[in-house]
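Okay, here's what each chain looks like letter by letter:
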Amino acid sequence: MAKFSYRLQGDGGLYIDRTKPVSFYFEGKVYHGYQGDTVASALLANGVRVHSRSFKYHRPRGVMTMAGDDAAAFVQFPSEPNVRGDVTAIPEGVNILGQNYLGSLKNDWLRVLDWFGKFLPVGFYYRAFYKPAGAWRYWEVLIRRLAGLGKVTLSSQPEYSDKQYRFADVAIVGGGIAGLEAALTAAEKGAETLLIDDQPSLGGALNYARFDADDATALELQKSLLQRVAKHPKIEVLSNAKCTGWFDENWLAVAVTNRLIKLRALAVVVATGSLAQPMVFRNNDLPGIMLGTAAQRLIRLYGVLPGKKPVIVTGNDDGYGVALDFADIDVRVGAIVDLRHVAEPGPLATEARTRGIPIFRGHTVFEAIGKNRVSSVRVAKLSSNNKPEKTNIQIDCDCLCVSIGYYPLAQIFCQSGGTLVYDDKTGSLQIDSAGASGTFVAGSVNNRFHIDAVRADGRCAGDMAAEYAGFGEVNSSRKEDPSAADQSHPYPIYPHPKGKDFVDFDEDLTVNDIENAVADGFDDLELVKRYSTAVMGPSQGRHSALNTLRIASEAAAKSPNGMRLTTQRPPFSPEPIALLAGRGFQPVRHTPMHHRHLESGAQMMPAGLWMRPAYYGGVDQRSTAIRLETEVVRNKVGIIDVSTLGKLDIRGSDAAEFLERVYTFRYSKQPVGRLRYLLMTDSAGAIVDDGVACRIAEQHFYVTATTSGVDAVYRNMLRLNAEWRLDVEINNVTAAYCGVNIVGPRARQTLQLLTDDIDLSPKAFPYLGVRDGYVSDIPSRLMRVGFVGELGYEVHAPANAGEALWDRLLEAGSEVGISPFGVEAQRCLRLEKGHIIVGQDTDGLTIPHEADMGWAVAAKPFFVGQRAIEVQTERRLTRKLVGFTLPAGSRLPDECNLTVSGDDITGRVTSIEESQVCGYPIGLAYVHPDTSKVGDCFEIKLSDGHRLMAEVASLPFYDPDNLRQEL
Amino acid sequence: MDPLSTAYRSPLHRKLEALGTEFMEINGYVVPDVVPGSAARSLAPEQLALCDLSGLPRVGVKGANAVDWLTKKGFSMPANSNSALRQSDGVLLARLAPNEFLLLGEESSSYPSIENLVQQDEFLRKTADQGKPFLVPRQHSQIWFRLTGCNSVDMLAKLCAIDFRDSNFKMLQVAQTSVARLNAIILREDLGSSNAFHILADRASAEYLWDCILDAGEEYAIQVVGLKLLAELKQG
């Protein structure tokens, strides 16, 4: 095991397990870490400082936050770009690369861009690449190559992701001090409480920050709180869980590894804490310069030494805590540079002075020096108005820790409608107005910083949330934290004449860029943001919004207090698309005979949600299979699974009247035991569905509908009956009954072998008759229908008996050569008979008379669409659906090829088949009424532009006298 | 017994046969008795388990006079919609709407009250003309699953947006909802000390839903079981 040059000795490191070493590759070289190490902590432990290259200038970048909040820690995993290396654990053996360079991470050829920064001012691309017209498409290729953010591996297989609904009385977002107190308070009042924390262990800042000189407070408090939380039966903890968004009515999106939790809470407490902020000075982005909290996380969570010669720059007492953390591990701190002139030394400062750490009060770091890492800093004395005076101090260092203030992590709260405002008193942002009803804030996000104030605020928020969720009365009240005024320096920004004083690290924006944006007239933050792209990078302004606000308001000569802040929108942190997609649910419906079709070699095709057999046989035998299936039906007997047909039971004393109103035909005098065609139109008179109505009893109809249309028909019927209030019960029984159409000249002969209680003779059971009885031992309903133009019976039976029915019919017909046929053969057969398919031969505008179905429209007092049909038929039709033929041997048009007259479109082909019985192609098409008479010719424009001449034919093409189906 | 020996088959019979399931007949209804596997001998209350009850009798009753009609037949009515009540003969009567009911016959070895209704639920009857309510053919239109185990709430949360926590979804409460984007009826009826649910959904999507549940239950080590283990679980 290699020794780590920056790994602390001993057993320190809350998150790592030193008994479990892990190896990985970075830029082709093998490194070692421990289980629990992040990429960044392991690299730093090995002395690797440069982890990535910046977006625009390709400057070397290293760890800044150790909290997953900045782009500097982005690395490339084999199957995923932009992995946040500072919070992502290293998998054993993974091959990791840096990002955004040409050459190598260490020697990036594109670093040359850094020298041309002055030629790339803010907004330059809005002006530079769009002239002359069309130039952008050439620039785009180059720019995208230069300014990428990792590489997407299209061949990678995403891991299994799914979604889960969760519910809680109170949801606490954030497992820090305030969150823990809020959870305990809410749970004590009886609320089922879900505590969501994005870290491996609860405690928030208690895990890494220092609260007092002897560093004892945090340990004791954390131990106590965690014990209470763990024991409480009403508290459930989600660790490593990121709340990425708040949506209406306290609906939270929570990402936990590969699962997206959709959490509905009655009340929410946002205890997301605050983020330490960077300081602005020249070369403030050099590797080795990091937030003080990042250094503390490295030391305490990962047992990694951030640097051997640290310097601290601070604007509050917390910086002294960072210095003491170094001192505790026997690292000599070069200096503490305190921006404040007259700060009263607190206990931490006193302890630092006691330990002999040099302190420069009223000074600032004005410039960092170094190439690929910080090697020293120039320190300047500050004037009373916060301006750097002459720089005369240079301090060698390999690490600069910045602790100058905080930014409330209020994104989740703001998504709920809350707002932030700049507060002159505290020098930072604070909550201005409340969020959604039932959403509360607590802790440092609410401008409470002292540990006692944070605890009290958490308890109060938990109290209020529990009360909102219906658990007891509120018996606590909010109290301000006077120490909040000492946390953030109001203007930690020290521009340098030579620039490179970065404000937005994601986008490489400097002080000058923000000032120039304002100078160009964009003096509103939303405009500054869009013009300069400040706060638009991967960290979404977490470390740039506050300083951008300060600089822009200064440049615009406005008070930051009066500036409108940018809008916070979900997601709060990146969500992989795989997570959003999750495990998709796409229901599929199988008929009872589905497996029999598969066993018979059927090629299945979707029909809405259903799967239907298209034809039986190999894909390479499609044409032959369909031809053979049509021949069987015409010459022997075939069976087709029609279970997918919609089936509706309509009962009641007004059942006939209901059908009269819903469909275009007449049903009131339809005899019991007979079926009749159904045509449904919508209120605009357009055909929307068809089927048959079987009159089972005086007050009982059994109605069929199209496979894809039945759900809409059923909904429409329920709506209409709710309006009409007829005595009718309507039930969708589609799935309850299977259907088999046994059809062909030998259909009766076959069925007779299975039926004892139904007289199948033509006289007793004529065409369009309906009979109930048994087929074999299966109770069945038989209907004589003629969709494909042969003697046929549609047999409906309980779905659970569908497979047995299918088997028995096939067995009974085996001697006469029965064979199953699929949808493709059926389409051909029905076309030969001239029958339309609603949805294929009609569209959303087809009225019955266009489809030559005026015969199905009865003269009666009312039906849905009646008036619209009357109005439209009084006008001259603009198109007509006709049958047509093509000469034998013609190319077949595609369905939807246009019918044309010269350059005018007159319609389209809706159906086309090569008919075996006719010996030539036949089809249906919309044409102009002037060319709709039998014998008229019209042109069809093929997909490749060629034209075919077709001739209008009389329908049906086959058995015009209906002798075969009425056998 | 061979599930193919009868005309009426669950749409899941192939999947169950593939697991080596032994089937049994209860008054003509074919159901899985024993499914080989690690839980074949006994079923712990916390074990997530799925059983196909689609072979057992069930029927719906719907119509303006449904309450009177069922009451005259001796059924006790749940007071509210979306709740259920066990009848004295073991039939579970769920009220889906003021005038719509679902009767499930899981508990008994014979189901005289429900069988009469199921037998009428065939093409041969002409009930509407006799002023009876509409018998909804749920025996054939819906599959019926039984889900048990302490993790059943968490597992269902991967498929359905309803809050099934004990505090929110009480015993014999009914939800008419969407499960894996499929219309479904979910009825909570615990088995012994184990959380348990009845799930009824579109028969045509039986295999789809079965696979969705097994997929969602994989992280909880879901097991397919037969009626025998369910009965033992109920007896504790």
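None of the values given here were measured: they were computed from a predicted structure. Counting restarts for each chain, with residues numbered from 1 along the sequence as it is written. By the order in which they are written, chains take letters starting at A while ligands take numbers starting at 1. It should be noted that, the model being predicted, local features are given only for residues of pLDDT at least 70 and side-chain atom pairs only at 80 or more, the latter also being counted only at that level, while totals for whole chains, interfaces and linings use all residues. With hydrogens and water stripped out, all remaining heavy atoms of the structure feed into the side-chain values.

J.: Describe the interface of chain B and chain A, and please don't skip the residues or the numbers.
T.: Size of an interface: often given as the accessible area lost when the parts come together. The contact criterion used throughout is that any non-hydrogen atoms of two residues lie within 4.5 Å. Listed per partner, the contact involves 49 residues of chain B and 56 residues of chain A. Buried area is a sum: the accessible area each of two parts loses on coming together, probed at 1.4 Å, counted once for each and added. Overall, the association of chain B and chain A removes approximately 4400 Å² of surface from exposure, summing both partners, and the carbon and sulfur fraction of that is 51%. With a closest N to O distance of 3.3 Å, Asp162(A) and Lys158(B) form a salt bridge. Two N or O atoms form a polar contact when they lie within 3.5 Å of each other; inside protein one atom must be a possible hydrogen donor and the other a possible acceptor, and for residues adjacent in sequence the pair counts only when both atoms belong to side chains. One can count 25 residue pairs in polar contact (both at pLDDT 80 or more) joining chain B with chain A. Strands are runs of DSSP state E lasting at least 2 residues, helices are runs of H or I lasting at least 4, and numbering of each runs from the N terminus. Examining the composition of the side of chain B that touches chain A, we find that five residues originate from one element, helix α6 (residues 206-217) of chain B, more than from any other. In terms of residue class, the side of chain B that touches chain A is built from 22 nonpolar, eight polar and 19 charged. The working definition used for a salt bridge is a side-chain nitrogen of Lys or Arg within 4 Å of a carboxyl oxygen of Asp or Glu. Only Asp, Glu, Lys and Arg are considered charged in this grouping, and only Ala, Val, Leu, Ile, Met, Phe, Trp, Tyr, Cys and Pro are considered nonpolar; every other residue, Gly among them, is considered polar.

J.: Which residues make up the sheet that holds strand β7 (residues 95-96) of chain A, and what values go with them?
T.: One open sheet holds the three strands; their spatial order is β2-β1-β7 (chain A), and the pairing between them is mixed. Taken across any chain shown, the strands that pair with only one partner, and hence form the sheet edges, are β2 (29-35) and β7 of chain A. When DSSP locates at least two bridges between a pair of strands, those strands are taken to pair.

J.: Could you give an account of the sheet that holds strand β31 (residues 638-641) of chain A, naming the residues involved and the relevant values?
T.: All names here are of chain A. If you walk across this open sheet you meet the six strands as β38-β39-β40-β37-β31-β41, and the pairing is mixed. The two strands at the open ends of the sheet, each matched to only one other strand, are β38 (770-775) and β41 (819-820). Relative to strand β40 (residues 792-798), strand β37 (residues 737-743) is paired through seven bridges, and the arrangement is antiparallel. Considered in β40, the bridge of valine 740 is made with valine 795. To define axes, lines are fitted to C-alpha atoms, for helices over the stretch in contact only, and angles between the resulting N-to-C directions are given on a 0 to 180 degree scale. Across the sheet, helix α20 (residues 802-812) touches β31, β37, β38, β39 (778-783), β40 and β41, and the angle it forms with β37 is around 15 degrees.

J.: Before we move on, could you go through the side chain of Ser539(A) and cite the residues and values that matter?
T.: Topologically, Ser539(A) is positioned in the loop between α12 (525-532) and α13 (545-555). Contact partners of Ser539(A), with chain neighbours within four places excluded, come to Asp69(A), Asp70(A) and Asp506(A).

J.: Got a sec to walk through the packing of aromatic side chains? Specific residues and values, please.
T.: All names here are of chain A. Working definition: a ring pair exists when centres of Phe, Tyr or Trp rings (six-membered ring for Trp) sit within 6.5 Å. Plane angles under 30 degrees give stacked, over 60 give edge-to-face, the rest tilted. One pass over the structure, following the stated rule, counts 20 aromatic pairs over all chains. Seen from their ring centres, phenylalanine 522 and tyrosine 531 are 4.1 Å apart, and the 25 degrees between their planes marks the pair as stacked. Residue class for phenylalanine 522 comes out partly exposed when judged on its relative accessible area of 26%. A relative accessible area of 9% places tyrosine 531 in the buried class. Aromatic side chains tryptophan 724 and phenylalanine 862 sit 6.3 Å apart centroid to centroid with 90 degrees between the ring planes, which places their arrangement in the edge-to-face category. Residue tryptophan 724 is found in helix α18 (residues 710-724), and its partner phenylalanine 862 is found in the loop between α21 (823-832) and α22 (866-874); the two are separated by 138 residues along the sequence. Exposure categories follow from relative accessible area, calculated using a 1.4 Å probe and restricted to protein chains: below 20% of the type maximum is buried, above 50% is exposed, and the middle band is partly exposed. Overall, tryptophan 724 belongs to the buried group, its relative accessible area being 19%. Put simply, the rings of Tyr663, Phe665, Tyr667, Tyr677 and Trp855 pair up and form one aromatic cluster. The rule is short: NZ of Lys or CZ of Arg within 6 Å of the ring centre and within 35 degrees of the ring normal puts a charge over the ring. Over the aromatic face of phenylalanine 502 sits the side chain of arginine 61, whose NZ or CZ is 5.4 Å from the ring centroid. Here arginine 879 stacks its cationic end above the ring of tyrosine 926, 4.2 Å away from the centre of that ring.

J.: Let's hear about the pairing of strand β45 (residues 921-927) of chain A: which residues, and what values?
T.: Residues and elements named next belong to chain A. Across the seven residues of β45, seven count as buried, placing the element largely inside the fold. Judged by which residues are buried, β45 turns out to be covered on both faces: Pro921, Gly923, Ala925 and Val927 on one side and Ile922, Leu924 and Tyr926 on the other are all buried. As paired strands, strand β42 (residues 880-885) and β45 are joined by six bridges and run antiparallel to one another. In the sheet register, lysine 880 faces β45, and the bridge partner there is valine 927. The sheet contact formed by strand β44 (residues 904-914) and β45 spans five bridges and is antiparallel. Bridge assignment links glutamate 913 to a residue of β45, and that residue is isoleucine 922. Where β44 folds back on β45, the antiparallel hairpin that results is connected by six residues, among which glycine 919 adopts a positive phi of roughly 90 degrees.

J.: Summarise the side chain of Ser573(A); cite the residues concerned and give the values.
T.: Here Ser573(A) is to be found in the loop between α13 and α14 (577-581). If near-sequence neighbours (up to four positions away) are discounted, Ser573(A) is found in contact with Lys242(A), Thr244(A) and Arg542(A).

J.: How would you explain the pattern of salt bridges if you had to name every residue and give the values?
T.: Residues and elements named next belong to chain A. Tallying each qualifying case throughout the model produces 75 salt bridges over all chains. One salt bridge connects glutamate 367 with arginine 378, and the closest N-O pair in it is separated by 2.9 Å. Taken together, the residues glutamate 367 in strand β19 (residues 363-369) and arginine 378 in strand β20 (residues 376-382) connect sequence positions 11 residues apart. Residue glutamate 824 is joined to arginine 622 by a salt bridge in which the shortest nitrogen-to-oxygen separation is 3.3 Å. Pair noted here: glutamate 824 is in helix α21 and arginine 622 is in helix α16 (residues 622-635), with a separation of 202 residues, a long-range link. Judged by relative accessible area, glutamate 824 falls into the buried class, the value being 14%. Assessed through its relative accessible area of 35%, arginine 622 is described here as partly exposed.

J.: Residue-level account of the environment of Gly245(A), with values.
T.: Residues and elements named next belong to chain A. Relative to the helices and strands, glycine 245 resides in strand β11 (residues 241-247). By relative accessible area, which is 0% here, glycine 245 ends up buried. Along the chain, glycine 245 and glutamine 568 lie 323 residues apart, while their C-alpha atoms are 10.0 Å from each other.

J.: Pulling in residues and values, what's your account of the pairing of strand β7 (residues 100-104) of chain B?
T.: All names here are of chain B. Within β7, five of the five residues are buried, which leaves the element mostly enclosed by the surrounding structure. In this structure, strand β4 (residues 58-62) lies alongside β7, joined through five bridges in antiparallel fashion. Residue valine 59 lies in a different strand from β7, and its bridge partner there is leucine 103. Taken together, the five bridges between strand β6 (residues 92-97) and β7 define a ladder with antiparallel strand orientation. Bridging across to β7, alanine 94 finds its partner in leucine 102. The turn joining β6 and β7, which pair antiparallel and follow one another in sequence, is formed by two residues.

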